[in-house]
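Below are the chains, spelled out letter by letter.
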Amino acid sequence: MLAFGAPRPGDHAEKLAALADSFNAAGATARLPADIRVPLWSKLMLNMAVGPTSVLTGATMGAMEQAPGMAAVQGRLMRECLNVAHAWGVALPDDIDERLSRGSGVPGHKPSMLQDFEAGRSMEIDPIVTTVLELARRRRVPVPTIETLWALTALKERVARAD
């Protein structure tokens with residue numbers, strides 16, 4: 001599914017509608033949310049919780065879902081990300097417990113950040129973790145779990161690339 005939107009709701013509405021119509025006509029599923037920031041932050045919140053933790057653990061989605069204490073860690077990461085989104089005026093719903101309890105539905109899947117790490121490619125630490133840290137700092141939102149995750153994941157990448 002694709003979501004299209006402008007930084008300010010309502011901007012470029014006709015062009016975005018035409019773009020979404022083109023994708024839908026081609027067989028893709030495209031939508032135009034009222035505020036594009038909501039699906040973007042929702043995806044970012046999930047990526048924040050699973051990408052770096054999978055790199056640190058080497059675990060698949062299913063292994064992380066089954067691991068004692070992991071839902072609590074991922075829940076803290078998601079909650080901190082949610083707080084940052086709210087500080088920037090994004091009306092992101094607090095559905096974290098429901099999202100964690102339903103599971104991914106892809107237990108054998110390795111998140112893309114883990115796939116990149118294992119293949120020796122650059123990971124998306126900056127667009128996923130560092131960006132949220134910077135936005136949190138600008139609004140003075142405490143994010144201690146995300147700060148810890150960033151430090152550990154960045155160090156793991158540096159150590160792996162030094163070999």
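Summary of the structure given here. Once a new chain begins, its residue numbering starts again from 1 and follows that chain's sequence as written. A pLDDT threshold of at least 70 governs which residues receive local features in this predicted model, and a stricter bar of 80 or more applies before side-chain atom pairs are shown or counted, although totals over entire chains, interfaces and linings include all residues. Water and hydrogen atoms were dropped before computing side-chain values, which therefore reflect all heavy atoms in the structure.

Next up on the list: the overall build of the chain. Broken down by element type, the chain carries eight helices and two strands. Labels follow the DSSP assignment, with helices taken as runs of H or I lasting at least four residues and strands as runs of E lasting at least two, numbered in each case from the N terminus. Counted from the first residue to the last, the chain has its helices and strands arranged as β-α-β-α-α-α-α-α-α-α. For the chain, the spread of C-alpha atoms along the principal axes amounts to about 50 × 40 × 35 Å. Buried, partly exposed and exposed residues are distinguished by accessible area as a fraction of the type maximum, computed with a 1.4 Å probe on protein chains only: under 20%, between the cut-offs, and over 50%, respectively. Burial analysis of the chain (163 residues in total) assigns 36% to the buried set. Here, two residues are considered to be in contact whenever any of their heavy atoms come within 4.5 Å of each other. Considering only residue pairs separated by 6 or more positions, the chain has 70% of its internal contacts joining residues 24 or more positions apart.

Moving on, we get to the packing of aromatic side chains. Stacked, tilted and edge-to-face are the three classes applied to pairs of Phe, Tyr and Trp rings, where Trp contributes its six-membered ring and a pair requires centres within 6.5 Å; stacked means planes under 30 degrees apart, edge-to-face means over 60, and tilted covers the rest. Across all of its chains, the model carries one aromatic pair by this definition. Residues Phe-4 and Phe-23 carry aromatic rings whose centres are separated by 5.2 Å and whose planes lie at 50 degrees to one another, so their mutual orientation is tilted. With Phe-4 in the loop between strand 1 (2-3) and helix 1 (13-25) and Phe-23 in helix 1, this pair connects stretches of sequence that are 19 residues apart. Overall, the relative accessible area of 15% leaves Phe-4 in the buried class. The partly exposed category is assigned to Phe-23, whose relative accessible area is 32%. By definition, being over a ring means that NZ of Lys or CZ of Arg is both within 6 Å of the ring centre and within 35 degrees of the ring normal. The lysine or arginine in question, Arg-139, covers the ring of Trp-88, its NZ or CZ lying 3.5 Å from the ring centre.

A few words now on helix 4 (residues 70-87). Here helix 4 spans 26 Å end to end across 18 residues, near enough to the 26 Å set by a 1.5 Å rise per residue. Of all the positions in helix 4, only Met-70, Gln-74, Gly-75, Leu-77, Met-78, Glu-80, Cys-81, Leu-82, Val-84 and Ala-85 are classed as buried. On its buried face, helix 4 is in contact with helix 2 (37-57), helix 3 (61-66), helix 5 (96-102), helix 7 (125-139) and helix 8 (144-162). The first or second residue beyond helix 4 is Gly-89, which carries a positive phi of 80 degrees. Multiply 1.5 Å by the residue count of a helix minus one, and that product is the helix's expected span.

The next thing to look at is helix 1. For helix 1, with 13 residues, the first-to-last C-alpha span of 18 Å sits near the 18 Å given by 1.5 Å per residue. Immediately beyond the C-terminal end of helix 1, within one or two residues, lies Gly-27, with a positive phi of roughly 100 degrees.

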